[in-house]
Amino acid sequence: MATSQKDPLTLEVVELIGTVVARYYEEYEQAAARHSLTGAQARVLGLLSLEPLPMRRIARKLKCEPSNVTGIVDRLEARGLVERRPDPADRRVKLAAPTEEGSATATRLRDSLDFAREPLAALSEGEREVLRDLLKRMLGESVL
């Protein structure tokens, strides 16, 4: 049986997701500020701590204009947290990559985000796996 997008349960779930997202962003902004970063700078630094990326890919991941990313990377570079380097696969492309201090800052920032840790820790591993898989399905990602 198909569910309506306006049934009470769906509306409640949508509200709960909105509350979770709002709390996450509020804590993320506060954590970023403690490191003298904007939320956008913290998100870019967090992405780069996973792998060096060209500006266009950063913009796609953050769903923003490449020119915005260039400004953010410029400010992170001025603080010594990010550097630009040639892409070994295509020397015409510049990658943004965290410096050692940038990686350490990204780790401290990630470690200071407590919002979801405590509630998630109260769930069993199986419950966390189900939640992860449901969120992936909602995002259209395949679940193994």
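Counting from 1, residues in each chain are numbered in the order their sequence is written. It should be noted that, the model being predicted, local features are given only for residues of pLDDT at least 70 and side-chain atom pairs only at 80 or more, the latter also being counted only at that level, while totals for whole chains, interfaces and linings use all residues. Only heavy atoms go into the side-chain values, all of them from the structure, while hydrogens and water stay out.

Chemist: An account of the sheet that holds strand β3 (residues 90–98) is requested, with residue identities and associated values reported.
Modeler: The strand order across the open sheet built from three strands is β1-β3-β2, with neighbouring strands paired in antiparallel fashion. Edge positions in the sheet fall to β1 (53–54) and β2 (82–87), since each of these pairs with one other strand and no more. What makes two strands pair is DSSP finding at least two bridges between them. A run of H or I in DSSP counts as a helix once it spans at least four residues, and a run of E counts as a strand once it spans at least two, with each numbered from the N terminus.

Chemist: An account of the pairing of β3 is needed here, citing residue identities and associated values.
Modeler: Bridge analysis of β1 against β3 gives two bridges, and the strand direction is antiparallel. Within β3, the residue paired with Pro54 across the bridge is Leu95. Pairing of β2 with β3 involves six bridges; the strand directions are antiparallel. What sits directly across from Pro86, in β3, is Lys94. Adjacent in sequence and paired antiparallel, β2 and β3 are bridged by two residues.

Chemist: Quick one: what's the story with the packing of helix α3 (residues 55–62) against helix α4 (residues 66–78), residue by residue and with numbers?
Modeler: α4 packs onto α3 with a crossing angle of 110 degrees between their chain directions and a minimal axis gap of 8 Å. Here α4 runs roughly perpendicular to α3, going by the angle between their axes. Taken together, the residues of α4 that come into contact with α3 (itself represented by Met55, Arg56, Ile58 and Ala59) are Pro66, Val69, Thr70 and Val73. Axis definition: a line fitted to C-alpha atoms, over the contacting stretch in the case of helices. Angles run 0 to 180 degrees between N-to-C directions. The cut-offs work like this: below 35 degrees is roughly parallel, past 145 is roughly antiparallel, 65 to 115 is roughly perpendicular, and the gaps in between are oblique. Pairs of residues are marked as contacts when any of their non-hydrogen atoms sit within 4.5 Å.

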